[in-house]
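Listed below, chain by chain, are the residues.
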Amino acid sequence: MTIFKFALKRSFSNTTNIIFLTLFPIACIFLPNGEEWPFLPYGYQYFGLLILFVGIRLATIILEDREKGVVKRLAVAPISHFQYLSQNLLAYSIILILQCIIVVYGGVLLGKELYQPGWLFILYGSFSFASLAIALAWISIYRNKDASFLVYMSLIFIIVVLGGLLIPIEIFPDLLKRVAVIFPTYWLAEGLKWIVFSEEILDFLLINGVLWLYTIVFVIVGSIRKIN
Amino acid sequence: MMIASMQGVVKRYGSQLVLDYIDLDIQEGEIIGLLGPNGAGKTTLIQTLTGITAFERGKVELFGQTENPFSNQNKEKIGLVTQEITVFEELTAKENLQFFAGVYGLKGEEKKKRVAEALEFVGLADKGGKMPTKFSGGMKRRLNIACALTHRPKLLIMDEPTVGIDPQSRNYILEAVKKLRDSGTTILYTTHYMEEVQSIATRVVIMDQGQIIKEGTVNELIQTVQHEEKVKMDVTDPESVPIHSLEKIAGVKKVIVSGSQITVISAVHSGNLDRIISIVKEYAGVLGIQADKPNLEDVFLTLTGKHLRDKGGE
Amino acid sequence: MRVLSTVKFTALRMLRSYIVLLLLLVVPIILLTVFSFILSGAVPESGVPYINETSMTQVLVFQLFGGSIVMSLIYNDLFTENKIRMYALPFNQTMYAFSIMMCGALFSTLLGALLMVYSQFVLGVMWQNWLWMIYIISLMAVLSIIVCLIFTFSVKNFKIAERLSEVYGIGFVVLAGLFFPMPENGFFDFLGSYGNPLTLSMGAIRDMGESNIGDAWFQANILLGAIIILFVVMLILGRRKIG
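Here the residue numbering is sequential within each chain, running from 1 through the sequence in written order. Whichever chain is written first becomes A and whichever ligand is written first becomes 1, with later ones labelled in order. A pLDDT threshold of at least 70 governs which residues receive local features in this predicted model, and a stricter bar of 80 or more applies before side-chain atom pairs are shown or counted, although totals over entire chains, interfaces and linings include all residues. Calculation of side-chain values draws on the structure's entire complement of heavy atoms; hydrogens and water are dropped beforehand.

**Focus on the interface of chain C and chain A**
Each side of the interface is counted separately: chain C has 16 residues, and chain A has 20 residues. When the buried area of chain C at its contact with chain A is split by residue, C:Ile38, C:Phe179 and C:Phe180 rank highest and sum to 30% of it. Put simply, a salt bridge is a Lys or Arg side-chain nitrogen that is within 4 Å of an Asp or Glu carboxyl oxygen. Where chain C packs against chain A, one counts 1 salt bridge. The partner of C:Lys159 in a salt bridge is A:Asp146, with the nearest N and O atoms 3.5 Å apart. At the level of secondary structure, the elements contributing two or more residues to the side of chain C that touches chain A comprise α2 (18-38) and α8 (158-175) of chain C. By definition, residues are in contact when any of their heavy atoms lie within 4.5 Å. Computed with a 1.4 Å rolling probe, the buried area is the accessible surface lost when two parts are put together, summed over both parts. Each helix is a run of DSSP H or I of at least 4 residues and each strand a run of E of at least 2, with the numbering of both proceeding from the N terminus.

**Quick look at the interface of chain C and chain B**
Between chain C and chain B, the contact holds 22 residues from the first and 27 residues from the second. Of the roughly 2300 Å² buried at the junction of chain C and chain B (both faces included), carbon and sulfur atoms supply 63%. When the buried area of chain C at its contact with chain B is split by residue, C:Phe9, C:Arg85 and C:Pro90 rank highest and sum to 31% of it. Residues C:Arg16 and B:Glu95 are paired through a salt bridge, measuring 2.6 Å at the closest nitrogen-oxygen approach. Within 3.5 Å is the distance limit for a polar contact, defined as a pair of N or O atoms, with the added protein rule that one can donate a hydrogen and the other accept it, and that residues adjacent in sequence qualify only through two side-chain atoms. Inspection of the chain C/chain B interface yields 10 residue pairs in polar contact (both at pLDDT 80 or more). Secondary-structure elements contributing two or more residues to the side of chain C that touches chain B are α1 (4-15), α4 (68-78), α5 (82-87) and α6 (93-121) of chain C. No other element matches α1(C), which puts 6 residues into the side of chain C that touches chain B. For the side of chain C that touches chain B, the class distribution of residues is 11 nonpolar, 4 polar and 7 charged. Any residue outside Ala, Val, Leu, Ile, Met, Phe, Trp, Tyr, Cys, Pro, Asp, Glu, Lys and Arg is labelled polar, Gly included; the first ten of those are nonpolar and the last four are charged.

**Description of the nonpolar core**
The criterion is simple. A nonpolar core is a set of buried Ala, Val, Leu, Ile, Met, Phe, Trp, Tyr and Cys residues joined through side-chain atoms within 4.5 Å. The buried label applies to any residue whose accessible area, calculated with a 1.4 Å probe on protein chains only, is under 20% of its type's maximum; exposed applies above 50%, and partly exposed to all values in between. Grouped together as the largest cluster of nonpolar side chains are 228 residues, with contacts concentrated most on A:Tyr124 and C:Ile74. The leading source of residues in this core is helix α3 (residues 42-68) of chain A, at 16 residues. Ignoring anything within four residues of it in the chain, the contact list for A:Tyr124 reads A:Tyr44, A:Gln45, A:Phe47, A:Ile51, A:Cys100, A:Val104, A:Leu188 and A:Leu192.

**Notes on a nonpolar patch on the surface**
All names here are of chain A. Excluding any residue in a salt bridge, patches collect residues exceeding 30% relative accessible area, merging like charges within 9 Å and nonpolar Val, Leu, Ile, Met, Phe, Trp and Tyr side chains within 5 Å. In short, Shrake-Rupley with a 1.4 Å probe defines the accessible areas, and a residue's cover is counted only from the protein chains shown. Together, Met 1, Leu 90, Ile 94, Leu 98, Ile 101, Tyr 105 and Val 108 make up an exposed nonpolar region whose accessible area comes to about 600 Å². Assignment of secondary structure puts Leu 90 in helix α5 (residues 81-109). Assessed through its relative accessible area of 38%, Leu 90 is described here as partly exposed.

**Section: the packing of helix α3 (residues 93-103) of chain B against helix α4 (residues 108-121) of chain B**
All names here are of chain B. For the pair α3 and α4, interaxial distance at closest approach is 10 Å and the crossing angle is 125 degrees. When the axis of α3 is compared with that of α4, the two are oblique. When the axes of α3 and α4 are compared, the crossing they make is right-handed. Across the interface between the two elements, Ala 93, Lys 94, Leu 97, Gln 98, Ala 101 and Gly 102 from α3 touch Lys 111, Val 115, Ala 118 and Leu 119 from α4. Considering only residue class, the contact of α3 with α4 consists of 6 nonpolar, 2 polar and 2 charged. Inter-axis angles, ranging from 0 to 180 degrees, are taken between N-to-C directions of lines fitted to C-alpha atoms, where helices are fitted over the stretch in contact. Working definition: roughly parallel below 35 degrees, roughly antiparallel above 145 degrees, roughly perpendicular at 65 to 115 degrees, and oblique for all remaining angles. With the far helix as reference, a near helix turned anticlockwise by less than a right angle produces a left-handed crossing, and one turned clockwise produces a right-handed crossing.

**Some details on the confidence of the model for chain C**
Residue and element names in this part refer to chain C. Confidence in the prediction for chain C averages 92 pLDDT; 100% of positions are at 70 or higher. Model confidence for chain C, summarised as mean pLDDT per element, is weakest for helix α9 (residues 186-191) at 90 and strongest for helix α7 (residues 130-154) at 96. This complex was scored by the predictor with a pTM of 0.86 and an ipTM of 0.87. As a per-residue measure, pLDDT reflects the predictor's confidence and takes values from 0 up to 100.

In structure tokens, the structure reads:
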């Protein structure tokens, strides 16, 4: 599990990552409540945005390996591409899940109204995996780490708005409501609503199912590119 | 006429002495090959000569001026080819040259003409519209050189211009340097490649640890170590050859056995080659013989030592 | 002046920076379009459509990030290995840096103006005072450039300077209360009003639109004052670095 160990080390090796991975999730816990919207405190509404950022920051470690040619060295080492990828993704998943635990259970400890923290944790977990998978697929089409990150940032802003995470989807015109369904952020926003209004469990399973579908599809897409 | 001169120049980085009382004169029309191991101070010498880096002591004179040697007027007469590729990646090859030509005061038709000439000179005439990001390493190096040529400098300083490129590109660049030499440009050329210096330099300066330790023509420098001759023999069974017998031969200074090769170092003009061979033949089969005369590499290694020194950038 | 001959190439380099164009032009256009769909026709009690206020906010928000291209070019040309060639050239390197700043300010202002054109002629947003709006945008652009350069000159590691410039932009957006309400106390109130270039510029434009000319100029002049003070700071720090 050498790759796994070093993926964890490298994730915390630069200051920006440390801030994203530690301070920002903690800061989310302390953001105020909304008035009419969002239904959960602001930090929990925007945590999805942070998960997307963290996902790409972690995944670009793999891109850095490709950019610097380290993957070529690994390609002739006794380690398969599957092992390389899975160990990296395992490390990043653990980091994201830990963040979700801190945010959810930190909020519980501080007395934040989270309605159903257990389900909230599961929702964030599903979204974390989807975010990692999308980031993995994204970096597979890039060679340059900085360009990939900056363009992805633009994309994040757009899908966060269009998915109903920054503005309630109820005020969207019909066309945009229909378009929103394709974005993973829409499903996160729907999941957050479910947490608050406690509807049918099947709806929650559907939401998580869609997020896992994103995960599977994008992991497959992202796993194809190996060396170059 | 003297184009440039450094007298007693001293430069320190913190407590590290990088240039130690450097005295160097550059005459018009000559090509000076500046040799030295990594960390010798070659790049710092270039940077102090061109005013990029300040120095603590000494004097620099450029084009007869000591009062303000690094004036823009003097800079217009200098072309600098940097060790790293320092072109604008966001501009095409032609635009890069237009940029530098404009900074050197060229305008209008004259600028267009010089840009075209520079591209032609470095063999990139048909690549003017392409971005440097699409170039190979050799092409980038050639563009790097072209950027220093549009204004036809009187003094061209080239800091390791052929590092990391293929032999064809390297050859092209050396031929271009020879053409520049023939057109009267004075050139200061630093390199690690002895054969480049031997091929183009009219004078060689050897630097080490911030000091100029030797200078002269290639032949003059070789003379200084031409006190020994080397004979290398590949033999079938080197262990059977009595080394002490070889060492006793008149003129032999040293015998080195390395694998299946025996090297005998003798004083110059010893005339002992036939004696050496006859002794070796008596005890082992001789597979091959190579008699080396000293070359610039021997001069360099003799003066600067054979050990690697891992100093950082100069 | 030799430096003038470089301006065309600086402009070309900026225009070819596709990531900057994506972040400061394409993304705002998409967001403006999305918001105009969402808010189309919605009018509060004041009578000014929500989309007008949102568009103004967006145009100004993206000006907070306009300094990034300038800091990147100046760092690349005068602080990396390229500086060796640049310092051997027969021109004044400080003036060259200024020329990049001016190009950057024009570039950022132009992008802001393009967003205004797009929002007016495609999305139907009515800008009341174009000249005033362009003036405020240019103040924001210049301020962002100066702040970014202060970061570049003050820290050794350029990556940290880049992060700080992002903190400047995102920080003031957050402090303006655009993401979530800020705590109500003197400190945050100040940083959400007179201590925040975003709120100052929004206020200046709003007040000019409501014919509160005195208040509008007051807020614009605070921005101008900040620019002058920070310009001096930037000069002092830059002199040490550029020479």
